[in-house]
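# Secondary and tertiary structure notes
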Amino acid sequence: MAEQNQNPLTPFRNQPAPEAKNYPGLDEWRELSADQQPNWADHPDFGTVVSELESVPPLVFAGEVDQMRQRLADVAEGKAFFLTGGDCAETFLDATADKISARVRTLLQMAVVLTYGASMPVVKMGRMAGQFSKPRSSDSETRGDVTLPSFRGEMVNGFDFTEESRRHDPNRMLRGYHTSASTLNLIRAFTTGGFADLRLVHEWNKGFVSNPANARYESLAREIDRAIRFMDACGADFEAIKGTEFYAGHEALLLDYERALTRIDSRTHLPYGTSGHFLWVGERTRNLEDAHVNFLSKVHNPVGVKLGPTTDVDDVLRLIDTLDPERRPGRLTFITRMGASKIRESLPPIVEGVRDSGAKVVWVTDPMHGNTISVPSGYKTRRFNDVVDEVRGFFEVHEALGTVPGGIHVEMTGDDVAECLGGSDAVDETAFADHYETLCDPRLNHMQSLEVAFLVAEYLSK
Ligand code: PEP
Ligand code: MN
């Protein structure tokens, strides 16, 4: 079947597409063990919510998803770089124009730093418009003598520590869908409606608190400006810099939601997850025999798998066989999150094993999740220096093995938060009391995000 569908436009054009509910294999995951799922199947609204999600418009179009896969194929070859950033957990209330704009502007700034530094196209993706559910290390949380279900992301339950709020409610999936739709709508407006025009490279920096990273950005923006004015004087055509491609991705944790938003593409009659362009499975749900990997093996999106420091290379090779049996360029991304102190030992055998198997995948570093610590005041944080050190380790390992360091995946925000320690205008613990806002993991603020981009640009331009 896969063979005859290689050309997306021809074979089935005039036939009606099959329905997702009859599509072979798409519901196989239901028979398998699925970790980290809500217990809401008995909720009276569950059935109607799922039916509604099965009939709403897709958030992304399969043609865009294919285009992203082609861009990632370039990344795997070392011809482009993959930048992903966004919240650990998005929230409904923070889906405001200001916050979305600050995040998109920060990502555009990071991308410009990378493109200019490395003379390489950057595939941009927001960890946005769908990042509403979280795996947790414990099912419950205890405060004093009260124990309640853990917060699992706003698509499952609320953050407030009350019985009512922590109850798993499937209606939240609908709010998640609509919030994703409005977020994505604004992202599309920004990135294609003039705001991402490279001639506005200075504008993206406006309104952020000034700091050394902004200043460095300003001087780079001046160079870009000069180059643009020169090109203008030469009569260049600016069509290509008027807008930019921008993709959305999230962890495909909530299988009820992901499956309900799976659509059969009318061009190819193949299933696509339409909740976002790129879907990944986390370190905790990537078991080969389990539901998440099975589900992702059936959809035709580019997919990612997070790999932690205890990853077994044989498992990785089996993940490739399961998720990318046809070895389609750009289909599979491994997002490694080893920890700064471990990456130089734990990453090489994995990359080597994959390289020697002949498979081509995209390698991305997530320098956040292996570097989470708790400070005595109780906050979960990350040291900026550890983040930077893991990025360095990632580049060193790939350089030594002759493989391609394809991208970076960070938890970040455009806001002036204090959640990660350090950076050139150093954040210290005293700032946490007033500027620690995340509901889940600590994020790089605007300055720290730009600094990471400058560091990566240095490596890419070597
Ligand atoms: C995350 O990306 O927020 C996350 C939970 O990551 P991981 O699966 O790598 O722990
Ligand atoms: Mn996280």
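Residues numbered from 1 in each chain as written. Chains lettered and ligands numbered in written order. Predicted model: local features only at pLDDT ≥ 70, side-chain atom pairs only at ≥ 80, totals over all residues.

It is worth spelling out the UniProt feature "binding site: Mn(2+)" (unreviewed entry) in the protein at this point. Feature annotation in UniProt places "binding site: Mn(2+)" (unreviewed entry) on Cys88, His369, Glu411 and Asp441, given in this structure's numbering. Spatial clustering of the annotated residues is evident: they stretch over 354 residues in sequence, but the largest pairwise C-alpha distance comes to 10.0 Å. Here His369 lies in the loop between strand 11 (362–365) and strand 12 (372–374). By the C-beta count within 10 Å, which is 21 here, His369 ends up buried. Locating Asp441 in the fold gives a position in the loop between helix 12 (432–435) and helix 13 (446–460). On the basis of neighbour count, Asp441 is assigned to the partly exposed category, with 18 C-beta atoms found within 10 Å. Contact partners of Asp441, with chain neighbours within four places excluded, come to Cys88, Met368, Thr372, Lys380 and Glu411. (UniProt positions renumbered as here; feature names shortened; annotations may be inferred. Helix = DSSP H or I, 4+ residues; strand = E, 2+ residues; numbered from the N terminus. Buried ≥ 20, exposed ≤ 12 C-beta atoms within 10 Å, placed from the backbone. Contact = placed C-beta atoms within 7 Å.)

With respect to burial, strand 5 (residues 247–251) is a largely interior element, five of its five residues being buried. Where burial is concerned, the two faces of strand 5 agree: the one with Tyr247, Gly249 and Glu251 and the one with Ala248 and His250 are both buried. Note: strand 5 against strand 8 (residues 278–281), three bridges, orientation parallel. By the bridge assignment for strand 8, Gly249 is matched with Phe278. (Pairing = 2+ DSSP bridges.)

Attention shifts here to the site of ligand 1. Neighbouring residues of ligand 1: Cys88, Pro135, Glu251, Gly282, Glu283, Arg284, Lys306, Arg337, His369 and Asp441. Residue composition of the shell around ligand 1, by class: two nonpolar, two polar and six charged. (Near = placed C-beta within 6 Å. Nonpolar A, V, L, I, M, F, W, Y, C, P; charged D, E, K, R; others polar.)

With that settled, the discussion passes to the pairing of strand 2 (residues 122–126). Where burial is concerned, most of strand 2 is hidden: five out of the five residues are buried. Covered by surrounding structure in strand 2 are Val122, Lys124 and Gly126 together with Val123 and Met125, the residues of both alternating faces. Pairing geometry for strand 1 (residues 81–86) and strand 2, over five bridges, is parallel. If you follow Phe82 over to strand 2, its bridge partner there is Val123. Between strand 1 and its parallel partner strand 2, the chain crosses via helix 3 (residues 97–118), and the hand of that crossover is right-handed. (Right-handed = clockwise from strand over helix to strand, strands pointing away.)

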